[in-house]
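# Descriptive structure summary
The primary structure of each chain is shown beneath.
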Amino acid sequence: MKRIITLQDISCVGRCSITVALPVLSAMGVECGILPTAVLSTHTMFKTFTCKDLSDQIEPISDAWEKEHITFDGIYTGYLASADQCRQICHFFDRFSSENNLVLVDPAMADNGKLYAAFNEAFPAEMARVCAKADIILPNITEACLLTNTPYQTEYNEDYIRSLLEKLLDLGCRTAVLTGVSYEPDRLGVAYLDRSGKSFSYFTRRCTQSYHGTGDLYSSAVLGGLMRGLELGDALALAADFVVACIEATAASDSARWYGVEFESQIPLLCQMLSRRLDEKGNTAR
């Protein structure tokens, strides 16, 4: 069984970050270790919340793992709370990444053309350094623009997306994946470009609803697919279909929570979709 480590915060209530990554990756048959960067009573969409920064624990925990010769098949980062944490994560990569594992970075810091309120204008440059050390990065269009100093556009064409992907590769990552891409009003999807020039895109129906935590859900499912042996395109498509199913289940649920996507009821579907894709992969190989 593959073992990954995810470095991001824990929101004790509210479906996001580690409370999404851990169950999704476990359900996909991947051991998910955690290194919490902070503990919050709820995520920050709540009016009242507490937050305990755990930056001072990152290095001691890393030291202990190194002494125990613990290794990881994948390293996955999500929301990082400060420039200092970005620097610590870069150091963590230097210590624990290798040719035999995969580093996936979700540079969760912005959406809808705006940087999250917790960050200042200097933060994207720090996140860009984290992205430079990754094998795969998964920004949305807003984050990609901030990482590359590109003007944000709500109306664009394929040339604009290609240019953004090329600029993201210039940061230093091996593969750039852009989420939230849309060329048609009723379609939404992803596009990627790697250093060999290989490109890929995948689109699903666009959901009118929007729920907190779908980005964390998507990144976790992508990594789970990769750890189980799927090609990147298949992992991206699997994750996109799963997120759409979760959004639709949330919208249809009388008990749906406004603060996060209801993914738990769709985990059996995720397992079925993963099994089907793995079977298809095996049949193709034969």
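Being a predicted model, the structure only gives us computed values, none of them experimental.

## Brief notes about the UniProt feature "domain: Pyridoxamine kinase/Phosphomethylpyrimidine kinase" (unreviewed entry) in the chain
Under the local residue numbering, the UniProt record ascribes the feature "domain: Pyridoxamine kinase/Phosphomethylpyrimidine kinase" (unreviewed entry) to residues 68-250. Annotated as 43% helix and 20% strand, the span residues 68-250 places its first and last C-alpha atoms 42 Å apart.

## What to know about the packing of aromatic side chains
With the rule as written, the count across this model stands at 12 aromatic pairs. Relative to Phe96, the ring of Phe92 has its centre 4.5 Å away and its plane inclined at 25 degrees; by these criteria the two rings are stacked. Note that Phe92 and Phe96 are positioned in helix H3 (residues 83-96) at a spacing of four residues, about one turn of the helix. Taken as a pair, Phe92 and Phe96 share a single burial class, namely buried.

## Considering the side chain of Asp216
Secondary-structure assignment places Asp216 in helix H7 (residues 214-227). We note that Asp216 is buried and unpaired, the nearest opposite charge coming from Arg15 at a distance of 11 Å. If we skip the residues at most four places from it in the chain, Asp216 touches Gln8, Cys16, Ser17, Val20, Tyr76 and Asp106.

## Remarks on the pairing of strand S2 (residues 31-42)
Looking at chain direction, strand S1 (residues 3-13) and S2 are connected through nine bridges and run parallel. Of the residues in S2, the one forming a bridge with Ser11 is Leu40. Regarding the hand of the β-α-β motif, the stretch spanning S1, helix H1 (residues 18-27) and S2 is right-handed. Taken together, the three bridges between S2 and strand S3 (residues 51-53) define a ladder with antiparallel strand orientation. Residue Val39 lies in a different strand from S3, and its bridge partner there is Lys52.

About the cut-offs
Residues numbered from 1 in each chain as written. Predicted model: local features only at pLDDT ≥ 70, side-chain atom pairs only at ≥ 80, totals over all residues. Heavy atoms only, no water. UniProt positions renumbered as here; feature names shortened; annotations may be inferred. Helix = DSSP H or I, 4+ residues; strand = E, 2+ residues; numbered from the N terminus. Phe/Tyr/Trp six-rings, centres within 6.5 Å; stacked < 30°, edge-to-face > 60°. Buried < 20%, exposed > 50% of the residue type's maximum accessible area, 1.4 Å probe, protein only. Lys, Arg positive; Asp, Glu negative; His and termini not counted. Salt bridge = Lys/Arg side-chain N within 4 Å of Asp/Glu carboxyl O. Contact = heavy atoms within 4.5 Å. Pairing = 2+ DSSP bridges. Right-handed = clockwise from strand over helix to strand, strands pointing away.

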